[in-house]
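# Inside the fold
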Amino acid sequence: MSALINFENISRLGGPELTELIEFYEQAETSELFAAANAVREKYYGKKVYFRGLIEFSSYCKNDCYYCGIRCGNKKAVRYRLGHDEIMDCCARGHQLGFRTFVLQSGEDLYYTDDMMCDIVSDIKRGFPDCAVTLSLGEKTKETYKRYFEAGADRYLLRHETATDEHYRQLHPPQMSLENRKQCLYDLKEIGFQVGAGFMVGSPYQTSANLAADLLFLRELEPHMVGIGPFVPHRDTIFANESTGSVKLTLVMLALIRLMLPKVLIPATTALGTVDVKGREKGLKAGANVVMPNLSPVVHRRDYSLYDNKICTGEEAAECLACLSRRIKSAGYDPDFSRGDFITCGEQFAVGRQADF
Ligand code: SAH
């Protein structure tokens, strides 16, 4: 095993070796791994932690992902949606607070036509020209993605959830496919978005070989952002009694992703902060460099309920922001309110990752 723990090698390892590495770190001391990941992040981004304002604008969803609290089959879920002006108000508030990236996320809600979404995006870009707009609205056609891009959207988050077909089928109903999800990611990249993929750690039936396949998929896709967080059960899903994903394994995966894709933007997610009070700080120390405090109206926060016990559902945006900034500073990092784009887009691919170590 010791021959494998050469961090420079990670970009060259195959599936079986990555599986072994993941299993090794699941048991072993991780301080060396986290320090190496932290050093790589510091090389490119220093101590900066980028802030993104998250607007969860609709809890309606046409999909029935087995793990998710807002899946269409959950009749107990409280549904809400924000109109154009309410979304603009969230952005105005966010802009006043200093945010220069807005992340618009929702279930797959067909109420918002392409025309409506494009109006929202172009109005945000017109109203706040110094801001980046990130969308996270699920699987759409390439045409629709193109329209979003032409309206001014800069980035798109679409977690692949798992890169293994069989595992994908264990987490999703038969109408959904990994093939389509991956195609969406390739389409988004081709159109010119900064693209984010990602997955849950510890989702039901997940094996370490599945996690290794996730790393290999990320290496192939070369996304600009990777969002990972522990799986957290939701009481009104068939996975209600499954166990929560491990914090340690989530941090190990986060560190391995940082080592594999040195310049990638990685959030310390709310799910990580939900399962461990210091989860987000630990995420930063393992190589994450983004946080996404909530700008959604407080009255709706609890209803964007993907999993149980989600944190930060009670405070106003300003309180949330102050609390998170304080935590980040005391962990030794610098909150940064610039757009926080992926550095030198394209260069990473031309130069080659191995040279980066
Ligand atoms: N409809 C959008 C947004 C989905 S919600 C889309 O399809 O991309 C954002 C992410 O939350 C999902 O991609 C999933 O990885 C995560 N998520 C959903 N349910 C979860 C749970 N029970 N535990 C942890 N993360 C969950």
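Predicted model, so just to flag it, every value in this text is computed and none were measured. (Residues numbered from 1 in each chain as written. Predicted model: local features only at pLDDT ≥ 70, side-chain atom pairs only at ≥ 80, totals over all residues. Heavy atoms only, no water.)

### Points about the overall build of the chain
Secondary structure summary: the chain contains 14 helices and nine strands in total. The globule rule puts the C-alpha radius of gyration for 357 residues at 21 Å, and the 19 Å found for the chain is close to it. Principal-axis analysis of the C-alpha atoms gives the chain an extent of 55 × 40 × 40 Å. Long-range pairs, those at least 24 residues apart, make up 76% of the contacts in the chain with a sequence separation of at least 6. Surface summary for the chain: the accessible area is close to 14,000 Å², and the carbon and sulfur share equals 50%. (Helix = DSSP H or I, 4+ residues; strand = E, 2+ residues; numbered from the N terminus. Rg over C-alpha atoms; globule rule 2.2 N^0.38 Å. Contact = heavy atoms within 4.5 Å. Areas by Shrake-Rupley, 256 points an atom, 1.4 Å probe, with all protein chains shown as cover.)

### Focus on the nonpolar core
Grouped together as the largest cluster of nonpolar side chains are 110 residues, with contacts concentrated most on Phe102, Leu104, Ile124, Leu135 and Tyr148. In terms of residues, this core owes the most to one element, helix H9 (residues 247-260), which gives 11 residues. The contacts of Phe102, once residues within four sequence positions are left out, are Gly53, Ile55, Cys91, Gly94, His95, Ile124, Phe128, Cys131, Ala132, Val133, Thr134 and Leu295. (Core = buried A, V, L, I, M, F, W, Y, C linked by side-chain atoms within 4.5 Å. Buried < 20%, exposed > 50% of the residue type's maximum accessible area, 1.4 Å probe, protein only.)

### Considering the sheet that holds strand S1 (residues 48-51)
Here we have three strands laid out as an open sheet, ordered S8-S1-S9, and parallel in their pairing. Across the chains shown, the open sheet's two edge strands, defined by having one partner strand only, are strand S8 (290-291) and strand S9 (334-336). Seen against the sheet, helix H13 (residues 317-330) touches S1, S8 and S9 and runs at an angle of roughly 165° to S1. (Pairing = 2+ DSSP bridges. Axes fitted to C-alpha atoms, helices over the stretch in contact; angles between N-to-C directions.)

### Here's the deal with the environment of Val195
Take Val195: it is sitting in strand S6 (residues 194-201). Once the C-alpha coordinates of Val195 and Leu221 are considered, the two residues, 26 residues apart in sequence, prove to be 9.5 Å apart. Excluding its chain neighbours within four sequence positions, the residues that come into contact with Val195 are Tyr156, Leu185, Leu188, Lys189, Pro223, His224 and Met225.

### Describing the packing of aromatic side chains
Under the counting rule described, the total for this entry stands at 15 aromatic pairs. Both rings, one in Phe149 and one in Phe193, keep their centres 5.0 Å apart while their planes meet at 65°; by these two values the pair is edge-to-face. Here the residue Phe149 occupies a position in helix H5 (residues 142-151), and Phe193 occupies one in the loop between helix H7 (178-191) and S6, the gap between them amounting to 44 residues. A residue is classified by how much of its surface remains accessible, and Phe193, at 1% relative accessible area, is buried. On the numbers, 6.3 Å between centres and 85° between planes, the contact of Phe231 with Phe239 is edge-to-face. Per residue, the accessibility class of Phe231 equals that of Phe239, and both read buried. Following the ring pairs from residue to residue traces out a cluster consisting of Tyr145, Tyr148, Phe149, Tyr156 and Phe193. Sitting over the face of the ring of Tyr333, Lys47 holds its NZ or CZ atom 5.6 Å from the ring centroid. The ring centre of Tyr60 lies 3.9 Å from the NZ or CZ of Arg81, which sits over that ring. (Phe/Tyr/Trp six-rings, centres within 6.5 Å; stacked < 30°, edge-to-face > 60°. Lys NZ or Arg CZ within 6 Å of the ring centre and 35° of its normal.)

### Looking at the confidence of the model for the chain
Mean pLDDT over the chain: 94, with 95% of residues reaching 70 or higher. Contacts from residues 345-357, a stretch scored under 50 in pLDDT, to residues over four places away or in other chains number 29 contacts. (pLDDT = per-residue confidence, 0-100.)

### Side note on the side chain of Thr30
Residue position: Thr30 is located in the loop between helix H1 (15-27) and helix H2 (31-45). In this structure, Thr30 is in contact with Tyr25, Lys248 and Val252, ignoring residues within four places of it in sequence.

### Topic: the sheet that holds strand S3 (residues 101-106)
Within the open sheet, the six strands sit side by side as S2-S3-S4-S5-S6-S7. Their pairing is parallel. Bordering the open sheet on either side are strand S2 (53-58) and strand S7 (225-230), each of which pairs with just one other strand. The mean angle between the axes of side-by-side strands here comes to 20°, regardless of whether they run parallel or antiparallel. Here S6 pairs with S7 via six bridges, running parallel. Within S7, the position partnered with Gly198 by the bridge is Gly227. Packed on one face of the sheet, helix H4 (residues 114-127) meets S2, S3 and strand S4 (132-136) and runs near 155° to S4.

### A look at H1
Spanning 13 residues, H1 covers 19 Å between terminal C-alpha atoms, matching the ideal 18 Å at 1.5 Å per step. Here H1 has its buried residues at Gly15, Leu18, Thr19, Leu21, Ile22 and Tyr25. One face of H1 carries all of its buried residues, which in axial projection span an arc of 160°. Facing away from the buried side of H1 by over 90 degrees, the exposed positions are Pro16 and Gln27. At its buried positions, H1 is contacted by H2, helix H8 (208-221) and H9. (Expected span 1.5 Å × (residues − 1). Arc of directions from axis to C-beta.)

### With respect to a negative patch on the surface
A cluster of like negative charges, contributed by Glu17, Glu20, Glu23 and Glu26, occupies part of the molecular surface. We classify Glu26 as partly exposed; its relative accessible area is 33%. (Patch = residues over 30% accessible without salt bridge, like charges linked within 9 Å, V, L, I, M, F, W, Y side chains within 5 Å. Salt bridge = Lys/Arg side-chain N within 4 Å of Asp/Glu carboxyl O. Lys, Arg positive; Asp, Glu negative; His and termini not counted. Charge placed at Lys NZ, Arg CZ, Asp CG, Glu CD.)

### Some details on the packing of H8 against H9
Contact geometry of H8 with H9 gives a least axis separation of 11 Å together with a crossing angle of 25°. Taken as axis vectors, H8 and H9 run roughly parallel relative to one another. As H8 runs across H9, the sense of the crossing is right-handed. Listed contacts from H9 to Leu211, Leu215, Leu218 and Arg219 of H8 are Leu249, Met253, Leu256, Ile257 and Met260. Classifying every residue of the contact of H8 with H9 gives eight nonpolar, no polar and one charged. (Parallel < 35°, antiparallel > 145°, perpendicular 65-115°, else oblique. Left-handed = near helix turned anticlockwise from the far one by under 90°. Nonpolar A, V, L, I, M, F, W, Y, C, P; charged D, E, K, R; others polar.)

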